[in-house]
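# Understanding the architecture of this molecule
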Amino acid sequence: MESISTCFGVKFGHPTKNSHDSRRIRRVGIVGLGGFATKRFKRTSCATVVGDREIDLANSDWKIGFKEDFERRFYIPHLSDVFGDLSPMPSTFNLKSRRPSHESGNGYPYERWNGYVKNNDRVLLKVIKFSSPSSAGAECIDPDCTWVEQWVHRAGPREEIYFRPEEVNAAIVTCGGLCPGLNDVIRQIVITLEIYGVKNIVGIPFGYRGFSAEKLPKILLSRSVVQNIHLDGGSLLGVSRGGPNVSEIVDNMQERGIDMLFVLGGNGTHAGANEIHNECWKRGMRVAVVGVPKTIDNDILWMDKTFGFDTAVEEAQRAINSAYIEAHSAYNGIGIVKLMGRNSGFIAMHASLSSGQVDVCLIPEVPFELHGPHGVLRHLQYLIETKGSAVVCVAEGAGQNLVMKTNAKDQSGNVVLGDIGAHIQKETKKYFKDIGTSADVKYIDPTYMIRACRANASDGILCTVLGQNAVHGAFAGYSGITVGICNTHYVYLPIPEVISYPKNVDPNSRMWHRCLTSTGQPDFF
Ligand SMILES: Nc1ncnc2c1ncn2[C@@H]1O[C@H](COP(=O)(O)OP(=O)(O)OP(=O)(O)O)[C@@H](O)[C@H]1O
Ligand SMILES: O=P(O)(O)OC[C@H]1O[C@](O)(CO)[C@@H](O)[C@@H]1O
Ligand SMILES: [Mg+2]
């Protein structure tokens, strides 16, 4: 291993599909003395691999190489890259008609509407300038934490568009599990398409399955159909896991003449969307495929948050509060709440933090033991002895090493998780029986109730902006992209970058430390 003072091996390779390996590769690129990266991963060599380029930190020009590679990785594919004969036309997305014009003679000055975003506008991906690799959460490229701007593409309507609205056949599909806000996004996509002048908009029923040969009937969409759908949870179009392969999906799109596809889904859905985009262009189809990341788990890279997450955290408060009331009102009461989060504990962490009623928060990223002197059960005994009650909030993906594995997979190939909440309940009851203390243990599993609710106001706004920007991105001629909020600004990102591995809670982050401060829990191993 190289010495820290002379040489830092930093790797920024394109990760593989294996999330843990991928995360290792990515994280090793960050120099942070007290951080997750340095603790878990040894430094490799003086050579830094950025994307598929090797950058030598000893070379004074390494910054240029880094920037070039970053620019290349976050390049967003444009129809004109492949279809040379395309000529753009002035945008039909124009709100000038809503303004009084000088012709109207009503005294208001004529103003040119300048709400368009330029293709070269950028948003900063990272906004903190760390002074030292040992600073909390530091993400430094070299030992000096040299500042290197990392720009991504700004989302929004462009002055020129690459589709004739009256000829567009647009389709919307919602895949994976439910998430609050799906209907809000569908609604905004439809409304914005209509504002551009699109007449043919269809909903594909039940996720990618709606593209299968079974020919599920398409759903015709218009402003009047979607006007009030955001008042309900779920998806007007239905969702599903699994379904036809990409080639069958593209055959079906070709048959229907779809040239704009809006895909709402998580990591799996986006992997599919990117393959669809590639396949369409390979076949010479002038199609724009644009994703809108959907997951209550909030496990998509680079974005401040995904829609539905805020609502999920808010809704989880009710369950936690019920568990607290049950536990607090019972003699030696223990309330256990299981929340969603297959690989990432964001919902459990944020819900625990905001409720202030949780004594133990367990997430997939932080291993724990139930039994033993440092285990969760011993701590629950301590809480019962000192406080008289306790509340546990556990993410569904936590402690999977403690529950029976079935090796079962769902239709998309996701591992079916064991019920860690029920397991903790069973072990807690047994533990207190064995030590001769009566304990009243209640288990609440609100997971599907949380996922099925309608979006709260903050998610409603997020969905609105994401949905509108998805349409702007497609009209601007981009494809293989997804929309996101990054440092409070809206951006377009290339799909491969956002799905290279799932975003996780960093156990060394300030947020997890805040959560631990709030619960007062020790390490459980
Ligand atoms: N690697 C992949 N390539 C192509 N399609 C995929 C891939 N992974 C999943 N899909 C398809 O994407 C759809 C949704 O995938 P999945 O069930 O994993 O949900 P998701 O998009 O990850 O959302 P959620 O957050 O609810 O899990 C399914 O129809 C599945 O067949
Ligand atoms: O029961 P379903 O529909 O497969 O969905 C469960 C999964 O969906 C999610 O909400 C999103 O991935 C996960 O948290 C959860 O494991
Ligand atoms: Mg998934």
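Given the structure is predicted, the values throughout are model-derived calculations rather than measurements.

## Notes on the site of ligand 1
As a matter of local geometry, ligand 1 sits amid 17 residues, with Gly177, Arg241, Gly242, Thr269 and Ser412 nearest to it. A distance of 2.7 Å is found between an oxygen atom of ligand 1 and a side-chain nitrogen or oxygen belonging to Arg241. Starting from 630 Å² of accessible surface for ligand 1 in isolation, the protein chains cover 80%. If one sorts the elements of the shell around ligand 1 by residue count, helix H8 (residues 267–282) sits on top with six residues. Along the lines of polarity and charge, the residues of the shell around ligand 1 split into two nonpolar, twelve polar and three charged.

## Digging into the environment of Ile296
By the element assignment, Ile296 lies in the loop between strand S12 (288–293) and helix H9 (309–329). Taking the C-alpha atoms as reference points, Ile296 and Met340, separated by 44 residues in sequence, lie 7.9 Å from one another. Residues in contact with Ile296, not counting those within four places in the same chain, are Cys179, Pro180, Gly308, Phe309, Ala312, Met340, Ile347 and Arg451.

## Considering the packing of aromatic side chains
This model, assessed by the stated rule, comprises nine aromatic pairs. With 5.1 Å between their ring centres and 25° between their planes, Phe93 and Tyr196 make a pair best called stacked. One end of the pair, Phe93, is in the loop between strand S4 (89–90) and strand S5 (122–124); the other, Tyr196, is in helix H5 (residues 182–196), and 103 residues separate them in sequence. Among the residues examined, Tyr196 registers a relative accessible area of 2% and is labelled buried. A network of ring pairs unites the aromatic residues Phe66, Phe70, Phe74 and Trp302 as a single cluster.

## Points about the sheet that holds strand S10 (residues 219–220)
Taken in spatial order, the nine strands line up as S5-S6-S18-S17-S12-S11-S8-S9-S10 in an open sheet, and their pairing is mixed. The open sheet terminates on both sides in strands that have one partner only, identified here as S5 and S10. One ladder, built from two bridges, connects S12 with strand S17 (residues 481–486); its direction is parallel. Bridge pairing in S17 places Gly291 opposite Thr482.

## Overview of helix H14 (residues 457–475)
In an α-helix, one turn spans 3.6 residues; hence positions three or four apart end up facing the same way. With 19 residues, H14 extends 28 Å from end C-alpha to end C-alpha; this agrees with the ideal 27 Å at 1.5 Å per step. Two or three places before Ser458, at the opening of H14, Asn456 has a side-chain oxygen 3.2 Å from that residue's backbone nitrogen. Two residues or fewer past H14, Gly477 is found with a positive phi of approximately 95°.

## Thoughts on the UniProt feature "binding site: Mg(2+)" (unreviewed entry) in the chain
Using the residue numbers shown here, the UniProt feature "binding site: Mg(2+)" (unreviewed entry) corresponds to Asn267. Dropping the residues within four chain positions of it, Asn267 is found in contact with Asp299, Ile300, Val498, Ile499 and Pro502.

## Structural notes on the environment of His379
Mapped onto the fold, His379 is located in helix H11 (residues 376–386). Residue His379 is classed as buried on the basis of its relative accessible area, which comes to 11%. On a C-alpha basis, the gap between His379 and Val394 in space is 15 Å, while along the polypeptide they are 15 residues apart. Setting aside its immediate chain neighbours within four residues, His379 contacts Asp359, Val360, Gly520, Gln521, Pro522 and Phe524.

Scoring rules and cut-offs
Residues numbered from 1 in each chain as written. Chains lettered and ligands numbered in written order. Predicted model: local features only at pLDDT ≥ 70, side-chain atom pairs only at ≥ 80, totals over all residues. Heavy atoms only, no water. Near = heavy atom within 4 Å. Polar contact = N/O pair within 3.5 Å; in protein donor to acceptor, adjacent residues only side chain to side chain. Areas by Shrake-Rupley, 256 points an atom, 1.4 Å probe, with all protein chains shown as cover. Helix = DSSP H or I, 4+ residues; strand = E, 2+ residues; numbered from the N terminus. Nonpolar A, V, L, I, M, F, W, Y, C, P; charged D, E, K, R; others polar. Contact = heavy atoms within 4.5 Å. Phe/Tyr/Trp six-rings, centres within 6.5 Å; stacked < 30°, edge-to-face > 60°. Buried < 20%, exposed > 50% of the residue type's maximum accessible area, 1.4 Å probe, protein only. Pairing = 2+ DSSP bridges. Expected span 1.5 Å × (residues − 1). UniProt positions renumbered as here; feature names shortened; annotations may be inferred.

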